Every structure is written in C-alpha cells, then in structure tokens.
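Survey of secondary and tertiary structure
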Amino acid sequence: MNAAPADQIRLLDVQGLDVRLQQLAHKRKSLPEHAEIEALTKDLAQLRDLLVAAQTEESDCAREQTKAEQDVDQVRTRAARDQQRLGSGAVTSPRDLENLQREITSLAKRQGDLEDVVLEVMERRESAQERVGELTGRVSSVQSKIDDATARRDAAFGEIDAEVDSVTKERGVVAGAVPADLLKLYEKLREQQGGIGAAKLYQRSCQGCRQELAITELNEIRSAAPDTVVRCENCRRILVRTAESGL
C-alpha cells in the first residue's frame, strides 16, 4: 500500500486523538467517585435495614404498651367497682365480704404486675425510639455523602464528555483527510492491537511495541519509497517514518 508521507504523518495525529479518547473513556470509568458511591450505597442499604428493624421494634412495643395499659385499666376499673361495693355496705355476708376483700387484694397485685409490664415495655419502646432517631440521622448523613459524591461525579462526567465531544469532532476532521484505504487498514489494526494501529518509528524502535528493529528490517525501510506504507515486523502495526526515525 502507498500513501503520501504527509498522509502517513496525519495518521499519527488520528492515532493520538484515538489514544486521547481511550484515556478519557478510562478516566470516566475509573473516577474515584464510582467506588465512593458504591461503598456508601452499601452502607446506606445496611443502615436502612437496621432502621426498618428498629422502626418495627418500636411499632411492636407501641402495640404491646397499648395492650398492657388496657389490661391495667380493666383491672383498675374492676378493683374500683369492688371497692365501691365493699364501701357501700351492700355486701353483708361475712363470707361474701371475705371473698370480695380477697379479690380486691388479688386485683391490686395483678394491677401492680401489669404496671411493671407497662414500665418494662415503655423502656424498650424508648430504647427503640432512640435507635430510630440515631439511625435516621446516620441514614441522612450517608445519603448526603452520596448526593455530594454523585454531584462531583456528574460534574466530572460533564467535563470529560465535553472533551470527548471536542476530540471526536477534531478526529473526524483529521481522519477525513486520510486516504480511505489507509484509514481502513489503520482501523483494522487498531482493533486487533489494543487500540494502537499506527506508531512512529523513533530512533530505530517501533513506538507501538517498543521493540528495536533488526538491522535487516531497518535496511528494508531505508530502501523503501517515501510513500510506501511500512509495517513493524514484530507487532505488524503501521510504522510511520519521521525525521526522528534514525534512518
């Protein structure tokens, strides 16, 4: 294949722009904010699970407290009714009086036990409420950190994407001036060779594979016409000759 030396030099410009696009893609993918957001999101999920558990515990305690307080009210009401009967003089039988007094005593003990249950439930509920408050604050704090990291990531995205757009437009202009057959070969090699399809021959070394060329290969390149498109024997990339090639 033949191509004017200027077109071959221009191919190096295309390669440089392609390398820059690769760098920008890598930069976009490896922004530190990605790992930061991922770690924070995991923390947030765990905290939300803990928060739901604490809220559930608080809700269960609330229902348990309501039930215990209702039990206390029922016993208190019954005890008050019995006390009223005892004081009214309506019960005159000694046996009935003894039974009524025994029941009042039993109800008093039952009320005390139930009130202890209410206090125990209230303490558990208060502890759960404190836990809910603490976890709510932690969730809010982590969410704020995620929002901040996301904003920083999006700002970086904006800068990178703007440069990608600019480089892509420039590449279109430069590549448009390269002969179609040369550009086609370059694109094929670039796909095969990890993004590098053309490399400068610098000081007798291929800048694509970083290998110094053998003397026989250098002699062949020296004798080749300026418009001959030469290839590296090691990596098969297009070798572009310049004043720095050392020929």
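Residues numbered from 1 in each chain as written. Predicted model: local features only at pLDDT ≥ 70, side-chain atom pairs only at ≥ 80, totals over all residues. Heavy atoms only, no water.

A word on the packing of aromatic side chains. For the structure on display, the rule yields zero aromatic pairs. The ring centre of F157 lies 3.7 Å from the NZ or CZ of R28, which sits over that ring. (Phe/Tyr/Trp six-rings, centres within 6.5 Å; stacked < 30°, edge-to-face > 60°. Lys NZ or Arg CZ within 6 Å of the ring centre and 35° of its normal.)

Let us look at the pattern of salt bridges. For the structure on display, the rule yields 26 salt bridges. The residue R171 makes a salt bridge to D18 at a minimum N-O spacing of 2.3 Å. Residue R171 is found in helix α3 (residues 94–176), and its partner D18 is found in helix α1 (residues 5–29); the two are separated by 153 residues along the sequence. For the pair R171 and D18, one class covers both residues: buried. As a salt-bridge pair, E187 and R171 come within 2.6 Å of each other at their nearest N and O atoms. (Salt bridge = Lys/Arg side-chain N within 4 Å of Asp/Glu carboxyl O. Helix = DSSP H or I, 4+ residues; strand = E, 2+ residues; numbered from the N terminus. Buried < 20%, exposed > 50% of the residue type's maximum accessible area, 1.4 Å probe, protein only.)

Bringing the environment of L114 into the picture now. Here L114 is to be found in helix α3. Separated by 89 residues in sequence, L114 and A25 place their C-alpha atoms 68 Å apart. Non-local contacts of L114, meaning those with residues more than four positions away in its chain, are made with D71, V72 and V75. (Contact = heavy atoms within 4.5 Å.)

Further remarks concern the side chain of R237. Positionally, R237 belongs in the loop between β3 (230–231) and β4 (238–241). Buried within the structure, R237 lacks any salt-bridge partner; its nearest side chain of opposite charge belongs to E217, at an N-O separation of 11 Å. Of the polar contacts made by the side chain of R237, one reaches the backbone oxygen of I196; its length is 2.8 Å. Excluding residues within four positions of it along the chain, R237 makes contact with L189, Q193, I196, G197, G208, C209, V230, R231 and C232. (Lys, Arg positive; Asp, Glu negative; His and termini not counted. Polar contact = N/O pair within 3.5 Å; in protein donor to acceptor, adjacent residues only side chain to side chain.)

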